[in-house]
Amino acid sequence: MKMIPDGSVDLIFADPPYNLQLGDGLTRPDQSTVDGVNDAWDQFGSFAAYDAFCRAWLSEARRLLKPDGAIWVIGTYHNIFRLGSIIQDLEYWIQNDVVWVKTNPMPNFRGTRLQNAHETLIWAARGKESRPTFNYHSLKTANDDLQMRSDWTFPLCTGQERLKNGGKKLHPTQKPEALLHRILLGTTNPGDLVLDPFFGTGTTGAVAKRLGRHYIGIEREAAYIDAAAERIAAIEPEAAEMVTPMPSPRREARIPFGRLVEDGLLSPGTVLYCAKRRYRAKVKADGSLATPGATGSIHKIGAHLQNAPSCNGWTFWHVERQGRLLPIDTLRQTVRAQMASMAS
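Parameters at a glance
- Residues numbered from 1 in each chain as written.
- Predicted model: local features only at pLDDT ≥ 70, side-chain atom pairs only at ≥ 80, totals over all residues.
- Heavy atoms only, no water.
- Helix = DSSP H or I, 4+ residues; strand = E, 2+ residues; numbered from the N terminus.
- Expected span 1.5 Å × (residues − 1).
- Buried < 20%, exposed > 50% of the residue type's maximum accessible area, 1.4 Å probe, protein only.
- Arc of directions from axis to C-beta.
- Contact = heavy atoms within 4.5 Å.
- Polar contact = N/O pair within 3.5 Å; in protein donor to acceptor, adjacent residues only side chain to side chain.
- Core = buried A, V, L, I, M, F, W, Y, C linked by side-chain atoms within 4.5 Å.

### Thoughts on helix α6 (residues 222-233)
Between its terminal C-alpha atoms α6 stretches 17 Å, which fits the 16 Å expected from twelve residues at 1.5 Å a residue. Listing the buried residues of α6 in full gives Tyr224, Ala227, Ala228, Arg231 and Ile232. What you see down the axis of α6 is that its buried residues fit within an arc of 125°, all on one side. Exposed side of α6, more than 90 degrees from the buried face: Ala222, Asp226, Glu230 and Ala233 are the residues found there. Those residues of α6 hidden inside the fold are in contact with α4 (177-187), α5 (203-210) and β9 (214-217).

Next comes the structure, spelled out in structure tokens:
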């Protein structure tokens, strides 16, 4: 990490060692051995040693992030609270914590505690003043036009996606690509640089390549490096137009309603309706609306008719086309598309 320039990374995804503090080997009721996390890279001499390690890499991570960059860190109850404390000590600014609910969690074979069926992710901006990428509308659309919540349900990495060596899991904590797909889709843009300082078998790199993001992966275990390289080499990037997030209305070019009249998309005298045809108003040449007893903007007249404090006229008003009502916002998008075409 020390070799990477300051302020050069858009997003970091980190799946650091869990410091599970496992003692004796774990067996199932049939006495078969559970393939858990007992690798040397997950072992630390004390909590103090683990905290020092995490503070060091999280400090470097903050140095590498652009002013509006952000980080995702994932962990279990063994380490996520220690990580969260260090993240706040280093003046990152927490955006959300996300609970990954596993549909197929490992049972608690000893029956001594609740089955651990989730992991926690912390999404944090570089600082309080940062404005990290958040493709709200893309995530909302992916969630059937409902706001994306902070509880995500995915299975553990299984089947053909799980990399194996001699029939055994190559990496004990390989993350599902679906999890990284949502993170990168929601908090990066095509062309962004994503860093994974605990690259493992390359899930971050595989998803980043597919979605048109650049990536840097850091890994010290040779077996993981070889598997990641082979895995990523087989990935075919999606076409650029297929990975571009939905634009935020706040960032799109402002189109006044009068522009629709000027461009001939609506004529003076055209009748606009609400979706249920309960209210109506006529378009005037200056882009205002007229209804008995009132004249004003699409927003003002919509609010007036409903006796409401405000109204989004773009979604409230509709124009009739071939017997069907079409939101006037569709006409606004037509103007934006024409402007974009002329600019290109």
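### Observations concerning the environment of Thr315
Positionally, Thr315 belongs in helix α9 (residues 313-316). The partly exposed category is assigned to Thr315, whose relative accessible area is 49%. Each C-alpha atom of the pair Thr315 and His299 lies 9.7 Å from the other, and the pair is 16 residues apart in sequence. A polar side-chain atom of Thr315 sits 3.2 Å from the main-chain carbonyl oxygen of Asn312.

### A closer look at the nonpolar core
For soluble globular proteins, the rule of thumb is that nonpolar side chains tend to be buried together. If you look at the biggest cluster of nonpolar residues, it comprises 24 residues, and the most contacted ones within it are Trp57, Leu58, Ile71 and Tyr92. Filtering out sequence-adjacent residues up to four positions away, Tyr92 remains in contact with Leu58, Ala61, Arg62, Leu65, Ile71, Ile87, Ala124, Ala125 and Arg126. Of all hydrophobic cores here, the second largest spans 23 residues; its members include Phe257, Leu272, Ile301 and Leu331.

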